[in-house]
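Notes for the structure review
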Amino acid sequence: MKTDKKIYLSIIAILIVVSGILSVFLIQSNNRNQELQAQIITKDQMVYENLKGATAWQMSAEAQGLMLQAFEVAKNKLDDAIAKNGGTGDGLAIITDVDDTLVDGAHYTTDMMLGGKRDNVHFARFLMTDACNVLPGALDFLNYAKENGVEIFYVTNRSEKGYKSTDEGYQNKNGYDENWDSLTDDLGISMYDISLKQLKYLEFPYADEEHLIVNKPVKSSPKSKESARQSIIAKGFQIAMLLGDDINDFTDDFEKEAVTRAKQATDAPYKDKWGTEWIILPNAVYGSWYNAIAEKNYSSVFESNRYTDYPVLWDVFQSKHK
Ligand SMILES: [Mg+2]
């Protein structure tokens, strides 16, 4: 009997030790899972918080000042180009991007942060609201160019099809696909007609079919505006300057990788173009720069609706549009 009792006690002792080891292992494993979970949430939140800061900055006094500064530089350089052209604007052209170069897109991002969707239909609807207004200095500069005989061409990458990435089945498929629904299918009006109506409504000069190019993206090079630029040169115009908020508005020559492209911007032959042939508007919210550094694409930031309480941004939005 004594031997049996010893065996029982030994078994119980072994079980206690084993369960103790298992408990420690399970607690550690659980802690690791919680740590991993915390890292994932923190990362998403960080990306979102960065975007929130960028959007608030885009609406700031500093950003508005930079926009006015850009158009003031553009005006001075246009004077130089006209002087070089024999004191006339005849034959000179300005090629300008539209979104976040001439009109405000920050409020579209604000709307997404408040739970709005990111897709072409919602973007098109935004374009038809007064939230998408003229950026400071843009209209004055372009009217000045027209008064001096310089023609203006609007080249935008707004897409008839595309940006379906937060729709069911389109996650992470950023950009453009021939097989996707067109805006005309969804809204009964094309992106071209919306853009033309908007330019006219905002009283931009040269708001007509001859001067508006809504770029048709191709899969091999969805962001390229080079063919549009070449088509304007082929009409016999000399390009006085390009205006944009993204390197794609100026050239296709930059590398995608972030460090290399930043160096390209400050090296010859590009460094002398800024403020002379190229007038850039500040955009901290989005752009090809983001795709160059982001692990996730821009749209995926909006796939979670966990962070929808943004009283500060909402206050900015309301104060600007009441
Ligand atoms: Mg733009």
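Here the structure is shown first, and the text comes after it.
Described below are features of the structure shown in this document. (Residues numbered from 1 in each chain as written. Predicted model: local features only at pLDDT ≥ 70, side-chain atom pairs only at ≥ 80, totals over all residues.)

What follows is about the overall build of the protein. When helices and strands are counted, the protein shows eleven helices and five strands. Relative to all contacts within the protein whose residues are 6 or more apart in sequence, the contacts with residues 24 or more apart total 78%. (Helix = DSSP H or I, 4+ residues; strand = E, 2+ residues; numbered from the N terminus. Contact = placed C-beta atoms within 7 Å.)

All right, on to the sheet that holds strand β2 (residues 151-156) then. With respect to topology, five strands assemble into an open sheet ordered β3-β2-β1-β4-β5, the strand pairing being parallel. Two strands in the sheet have a free side with no partner beyond their single neighbour: β3 (212-214) and β5 (278-280). Strand after strand, the sheet turns through a mean of 20° between neighbouring axes, direction not considered. Here β2 runs beside β3; their pairing, made up of three bridges, is parallel. Paired with T156 across the bridge in β3 is V214. The strands touched by helix α2 (residues 61-84) are β1 (92-96), β4 (238-244) and β5; relative to β4, the strand with the most contacts, the crossing angle is about 175°. Sitting on the sheet, helix α8 (residues 226-234) touches β1, β2, β3 and β4, and the angle it makes with β1 is about 165°. (Pairing = 2+ DSSP bridges. Axes fitted to C-alpha atoms, helices over the stretch in contact; angles between N-to-C directions.)

Spanning 24 residues, α2 covers 35 Å between terminal C-alpha atoms, matching the ideal 34 Å at 1.5 Å per step. Where α2 ends, the next residue or the one after it, G86, has phi of about 80°, a positive value. (Expected span 1.5 Å × (residues − 1).)

Looking now at the nonpolar core. With 49 residues, the main nonpolar core has A74, I94, Y154, A240 and M241 as its most contacted residues. A total of seven residues in this core trace back to one element, the largest contributor, which is α2. Residues in contact with A240, not counting those within four places in the same chain, are L78, A81, L92, A93, I94 and V150. (Core = buried A, V, L, I, M, F, W, Y, C linked by C-beta atoms within 7 Å. Buried ≥ 20, exposed ≤ 12 C-beta atoms within 10 Å, placed from the backbone.)

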